[in-house]
Amino acid sequence: MMESSMIRSLWCASMLLIANGFIFADEPSAVPKKVDIGTQAPDFKFKDATGKEIVLADLTAKGPVLVRLTCGCSGCDKELAYFQAMHEGYKDLGLTSVAIFRESDTKVAAYAKEKKLNMLYCVDTKGDAWDIFETKTMPTNFLIAKGGTIVSVAAGCDPSGLLAKKLSEKVAKTVNSETIDVQKIVADDNSEKQ
């Protein structure tokens, strides 16, 4: 009976997270995956907007990397400001941010120009990155520590910025810094524009 109650509680908690639109993992999942918290980031190469090949291991050798598997949907679009604020706030502390879009080259190029995208990005229309990182959820964010160990996986879309705020706290710990309140930065920017 106790086991049944525990299973129901876990199911309800997971449904609450899913209903809120995101899942935030702090520990490896019960089902072992090759790409999970505490594992080494996968071998991954991509071409940036200029066509230059970038190797993830080369980036993680220099410092932490935030890999964001994303698209141009309205939710991801609203979330972008938080991730750009995070990138700006931590890049001088060694963070490299990479956005991987599952859209066409021309659409992403126009989007990057319109949004003044200030981080590395690439296009992956086939979804190879989603296979390599073992996820089907879009967006999914992987925070990888210097040296290549995955320290956080945050999946789902949260236009309110709460997911980005929690991820910012994890980035701050990774770069040994005070947390940057990305929600406040975006709210202040939006107030100035009005």
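Small disclaimer: the values here were computed from a predicted structure and weren't measured.

Focus: the pattern of salt bridges
Applying the stated criterion across every chain, the model contains 6 salt bridges. Here Arg 68 ties to Glu 79 by a salt bridge, and the two come within 2.7 Å at their closest N and O atoms. A residue pair is termed long-range when its members are at least 10 positions apart, and Arg 68 in strand β4 (residues 65–70) and Glu 79 in helix α3 (residues 74–90) qualify at 11 residues. Asp 77 is paired through a salt bridge with Lys 115; the nearest N and O atoms lie 3.1 Å apart. One end of the pair, Asp 77, is in helix α3; the other, Lys 115, is in helix α4 (residues 105–115), and 38 residues separate them in sequence. Using a relative accessible area of 26% as the deciding quantity, one classes Lys 115 as partly exposed.

Details of the confidence of the model for the protein
Counting all residues, the mean pLDDT for the protein is 85, and 84% of those residues have values of 70 or more. Ignoring residues within four places in sequence, the model shows residues 1–23, a span with pLDDT below 50, making 13 contacts including any to other chains.

Quick notes on the environment of Leu 167
Relative to the elements of secondary structure, Leu 167 occurs in helix α6 (residues 162–174). Separated by 84 residues in the primary sequence, Leu 167 and Phe 83 have C-alpha atoms spaced 9.4 Å apart.

Section: the packing of α3 against α6
Contact geometry of α3 with α6 gives a least axis separation of 10 Å together with a crossing angle of 15°. Relative to α6, α3 is oriented roughly parallel. Between α3 and α6 lies a crossing of right-handed hand. Along its contact with α3, which presents Glu 79, Tyr 82, Phe 83, Met 86 and Tyr 90, the element α6 presents Leu 163, Ala 164, Leu 167, Ser 168, Val 171 and Ala 172. When the residues that make up the contact of α3 with α6 are grouped by side-chain class, the tally is 9 nonpolar, 1 polar and 1 charged.

A closer look at the pairing of β4
Extensive coverage of β4 is indicated by the burial of 6 of its 6 residues. Along β4, one buried face is formed by Val 65, Val 67 and Leu 69 and the opposite face, lined by Leu 66, Arg 68 and Thr 70, is buried too. Across 6 bridges, the pairing between β4 and strand β5 (residues 96–101) is parallel. Note that in β5 the partner of Leu 69 across the bridge is Ile 100. A crossover connection joins β4 to the parallel β5 through α3; in handedness this β-α-β unit is right-handed. Pairing of β4 with strand β7 (residues 140–144) involves 5 bridges; the strand directions are antiparallel. Counterpart to Leu 69 in the pairing with β7 is Thr 140.

What to know about the nonpolar core
Of all hydrophobic cores here, the largest spans 27 residues; its most connected members are Phe 83, Met 86 and Tyr 90. It is α3 that contributes the most residues to this core, 6 residues altogether. In this structure Phe 83 touches Leu 66, Arg 68, Met 119, Asn 141, Leu 163, Ala 164 and Leu 167, once residues within four positions along its chain are discounted.

Conventions we followed
Residues numbered from 1 in each chain as written. Predicted model: local features only at pLDDT ≥ 70, side-chain atom pairs only at ≥ 80, totals over all residues. Heavy atoms only, no water. Salt bridge = Lys/Arg side-chain N within 4 Å of Asp/Glu carboxyl O. Helix = DSSP H or I, 4+ residues; strand = E, 2+ residues; numbered from the N terminus. Buried < 20%, exposed > 50% of the residue type's maximum accessible area, 1.4 Å probe, protein only. pLDDT = per-residue confidence, 0-100. Contact = heavy atoms within 4.5 Å. Axes fitted to C-alpha atoms, helices over the stretch in contact; angles between N-to-C directions. Parallel < 35°, antiparallel > 145°, perpendicular 65-115°, else oblique. Left-handed = near helix turned anticlockwise from the far one by under 90°. Nonpolar A, V, L, I, M, F, W, Y, C, P; charged D, E, K, R; others polar. Pairing = 2+ DSSP bridges. Right-handed = clockwise from strand over helix to strand, strands pointing away. Core = buried A, V, L, I, M, F, W, Y, C linked by side-chain atoms within 4.5 Å.

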